[in-house]
Amino acid sequence: MSRGKKFEFSQEQIDYIINNWGKESAYSMKNKFGCSWYAICNVAKQHGLSMPESDKWTKQQVDELVKMSDKMHYEKIAQILGKTNNAVYLKAKRLNITLIQDRREWTEEEIIFLKEKWGNNSINFIAKKVKHSVNAVKIKAYRLGLGPAVLNTDLLLVSDIVEMLGVSRDRICTTWCNLGLKLKRHKISDKKSYYYIKEKDLIEFLKANQNQWDSRNLELYTFGYEEEWLVEKRKKDRKTNPLWYRRWTIKEKNHAMELLKSGKNYDEIAARTNRTVQAVSYMLRSEGYSYRLNRYWKGQELKFLKDNFEIMKYSDIADSLGRTTKAVSAKAEEMGYQKRYISNQTRKKRGIK
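These numbers come from a predicted model, not from an experiment.

A.B. asks: Requested: an account of the sheet that holds strand 2 (residues 184-187), with residues and values cited.
C.D. replies: Pairing within the open sheet is antiparallel, and its three strands lie in the order 1-3-2. In this open sheet, the two edge strands, each paired with only one partner strand, are strand 1 (155-157) and strand 2. The average angle at which neighbouring strand axes cross in this sheet is 40°, direction not considered. Where strand 1 lies against strand 3 (residues 193-198), three bridges are found, and the strand directions are antiparallel. Bridging from a neighbouring strand, Leu156 pairs with Ile197 of strand 3. The strands that helix 12 (residues 199-208) touches are strand 1 and strand 3; relative to strand 3, the one it contacts most, it runs at about 70°.

A.B. asks: Outline the pairing of strand 3, listing residues and values.
C.D. replies: Sheet topology places strand 2 next to strand 3; four bridges connect them, and they run antiparallel. Along strand 3, the bridge assignment pairs Lys184 with Tyr196.

A.B. asks: Talk me through the packing of helix 10 (residues 158-165) against helix 11 (residues 169-178); I want residue IDs and the actual numbers.
C.D. replies: Packing of helix 10 against helix 11 brings their axes to within 9 Å, and their N-to-C directions diverge by 110°. Judged by the angle between their axes, helix 10 and helix 11 are roughly perpendicular. Where helix 10 crosses over helix 11, the handedness of that crossing is right-handed. On the side of helix 10, the interface is formed by Val158, Ser159, Ile161, Val162 and Leu165, while helix 11 contributes Arg169, Ile172, Cys173 and Trp176. Among the residues making up the contact of helix 10 with helix 11, the classes are represented as seven nonpolar, one polar and one charged.

A.B. asks: Describe the packing of aromatic side chains, naming the residues involved and giving the relevant values.
C.D. replies: One pass over the full model with this rule turns up five aromatic pairs. For the ring pair Tyr16 and Phe33, a centre distance of 5.8 Å and an interplane angle of 80° mean the geometry is edge-to-face. In this pair, Tyr16 sits in helix 1 (residues 11-20) while Phe33 sits in helix 2 (residues 26-33), placing the two residues 17 residues apart along the sequence. For Tyr16, a relative accessible area of 25% corresponds to the partly exposed category. What makes Phe33 buried here is its relative accessible area of 15%.

A.B. asks: Explain the packing of helix 2 against helix 3 (residues 37-46) residue by residue, including any values.
C.D. replies: Contact geometry of helix 2 with helix 3 gives a least axis separation of 8 Å together with a crossing angle of 110°. Comparing the axis directions of helix 2 and helix 3 gives the class roughly perpendicular. Between helix 2 and helix 3 lies a crossing whose hand is right-handed. Of the residues in helix 3, those touching helix 2 at Ala26, Tyr27, Met29, Lys30 and Phe33 are Trp37, Ile40 and Cys41. Tallied by class, the residues present in the contact of helix 2 with helix 3 amount to seven nonpolar, no polar and one charged.

A.B. asks: Can you lay out the nonpolar core for me, pointing to particular residues and giving the numbers?
C.D. replies: With 20 residues, the main nonpolar core has Leu165, Ile172, Trp176, Leu181, Leu202, Leu206 and Trp213 as its most contacted residues. For this core, the secondary structure elements donating two or more residues are helix 10, helix 11, helix 12 and helix 13 (228-239). Beyond its immediate sequence surroundings of up to four residues, Leu202 is in contact with Leu156, Ile161, Met164, Leu181, Ile197 and Phe223. In terms of nonpolar packing, the next biggest core, distinct from the first, is built from 16 residues, Met68, Tyr74, Ala92 and Ile97 among them.

A.B. asks: Which residues make up helix 19 (residues 314-321), and what are the values?
C.D. replies: When we look at burial in helix 19, the residues that qualify are Tyr314, Ile317, Ala318 and Leu321. Down the axis of helix 19, the smallest arc covering the buried residues is 100°, so these residues share one side. Each element contacted by the buried residues of helix 19 is listed here: helix 18 (299-308) and helix 20 (325-334). In the stretch just after helix 19, Gly322 is the one whose phi turns positive, near 70°.

A.B. asks: Outline a nonpolar patch on the surface, listing residues and values.
C.D. replies: On the surface, a nonpolar cluster with roughly 390 Å² of combined accessible area is contributed by Tyr27, Trp37 and Tyr38. Tracing the sequence through the fold places Trp37 in helix 3. Taking the relative accessible area as the measure of exposure, Trp37 reaches 34% and is therefore partly exposed.

A.B. asks: Tell me about helix 8 (residues 123-130), and name the residues and values.
C.D. replies: If you check which residues of helix 8 are buried, you get Ile123, Asn124, Ile126, Ala127 and Val130. For helix 8, the arc enclosing every buried residue in end-on projection is 160°, short of the 170-degree limit, so these residues lie on one face. Where helix 8 ends, the next residue or the one after it, Lys131, has phi of about 60°, a positive value.

A.B. asks: Explain the pattern of salt bridges to me, and be specific about the residues and the numbers.
C.D. replies: Opposite charge on two side chains lets them pair, provided their charged atoms get close. Throughout the structure, instances matching the rule amount to eight salt bridges. Across the pair Lys59 and Asp63 runs a salt bridge whose closest N-O atoms are separated by 3.1 Å. Taken together, the residues Lys59 and Asp63, both in helix 4 (residues 59-68) and four residues apart, mark about one turn of the helix. By relative accessible area, Lys59 is classed as exposed at 65%. Measuring nitrogen to oxygen at the nearest pair gives 3.3 Å for the salt bridge that ties Glu287 to Lys253. Here Lys253 lies in helix 15 (residues 250-261) and Glu287 lies in the loop between helix 17 (277-286) and helix 18, a separation of 34 residues in the sequence.

Rules behind the numbers
- Residue numbers restart at each chain and count upward from 1, following the sequence in its written direction.
- Where totals are concerned, whole chains, interfaces and linings use all residues; where local detail is concerned, this predicted model gives features only for residues with pLDDT of at least 70, and gives and counts side-chain atom pairs only at 80 or more.
- Side-chain measures were taken over the full set of non-hydrogen atoms in the model, leaving aside hydrogen atoms and water.
- When DSSP locates at least two bridges between a pair of strands, those strands are taken to pair.
- What counts as a helix is a DSSP run of H or I of at least four residues, what counts as a strand is a run of E of at least two, and both are numbered from the N terminus.
- Under this scheme, a helix contributes an axis fitted over its contacting stretch, all axes are lines through C-alpha atoms, and angles between N-to-C directions fall in the 0 to 180 degree range.
- Residues are treated as being in contact if the distance between any of their heavy atoms lies within 4.5 Å.
- Angles are sorted into four bins: roughly parallel if under 35 degrees, roughly antiparallel if over 145, roughly perpendicular if 65 to 115, and oblique for all others.
- Handedness of a crossing follows from how the near helix is turned relative to the far one, being left-handed for an anticlockwise turn of less than a right angle and right-handed for a clockwise one.
- Polar here means any residue outside two lists: the nonpolar Ala, Val, Leu, Ile, Met, Phe, Trp, Tyr, Cys and Pro, and the charged Asp, Glu, Lys and Arg; Gly therefore counts as polar.
- Centres within 6.5 Å are what make two rings of Phe, Tyr or Trp a pair, Trp counting through its six-membered ring; a difference in plane orientation under 30 degrees is then read as stacked, over 60 as edge-to-face, and the rest as tilted.
- Exposure is judged per residue with a 1.4 Å probe applied to protein chains only, and the accessible area is read against the type maximum: over 50% gives exposed, under 20% gives buried, and values in between give partly exposed.
- Definition used in this section: a nonpolar core is a set of buried Ala, Val, Leu, Ile, Met, Phe, Trp, Tyr and Cys residues joined via side-chain atoms within 4.5 Å.
- In this context, the arc is that of the directions from the helix axis out to the C-beta atoms.
- Patch membership is restricted to residues that have no salt bridge and whose relative accessible area is over 30%. Joining uses 9 Å for like charges and 5 Å for the nonpolar side chains Val, Leu, Ile, Met, Phe, Trp and Tyr.
- Residue-level accessible areas treat just the shown protein chains as cover; the underlying method is Shrake-Rupley with a 1.4 Å probe.
- Counted as salt bridges are all cases of a side-chain nitrogen of Lys or Arg within 4 Å of a carboxyl oxygen of Asp or Glu.

Structure (structure tokens):
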């Protein structure tokens, strides 16, 4: 582009800038199109896109990047540091750091290393050395027919546990911590931090609290060689779901009832408490809560139902009491009332509509 001449963007280039704004840096786009950084930002501004803030890396952020590069996928690092994936990737490249990625091709040296260490070292150790994600290592080992792994003693994030066991983050950070889960917090700044746990500590917790999780959600050989207690739990969980039959603690009940009062439906409460919808429904009903409102039947309401169940439709009674027709029908049945069929002729004589 000649000096001083305004760069003319094609429609295709404009669409690219709009669709990738925030995902790819303006610096990267300027190199791609052969224009200035300001020209890229001007197109974004004309289309109502917010201007990028300073992407300057602090020394603390660089130190954190170096620390986490061997432990986490680069997308997780970006999330923790508040950077874009592209920013993390470019910074690592400038620092000559190889990041853990999913789709990078395996080299012959990495495959040889994997074969040598598989069965003798943890998956996380191998992943750090070959600079691939843990999931990528597992898949490659499976495709190479290397068999089950060994005990993995490295660190796990809360998100890893959520994905591994199919339990909610709220349950892990609240209920399980109260039961003794050894979560540790790593503070990055005043506003940012993340929680992690040693895998051996997680295994000890799962062994001691087997009624808190369902082994059917846990992939076979996730922790390497499976001890006898885990083998037996898998057999038991095939017959009985521990998350359905385990008893509700007082704290769990109070938590579920508070969620109901705050307007959450059964599906949301089930997700927050890591229970089935049926289990939540049964517990709340047994505590005297209806689906929508935590209302007991008052004496006046019961008398009105008793006096009018024969001469009024359930829908009319429901309107009068401010309840659902289903609730009125269920309460009448519970009290032993049964509607008798009244002919139209009798209705006219009695003045019943």
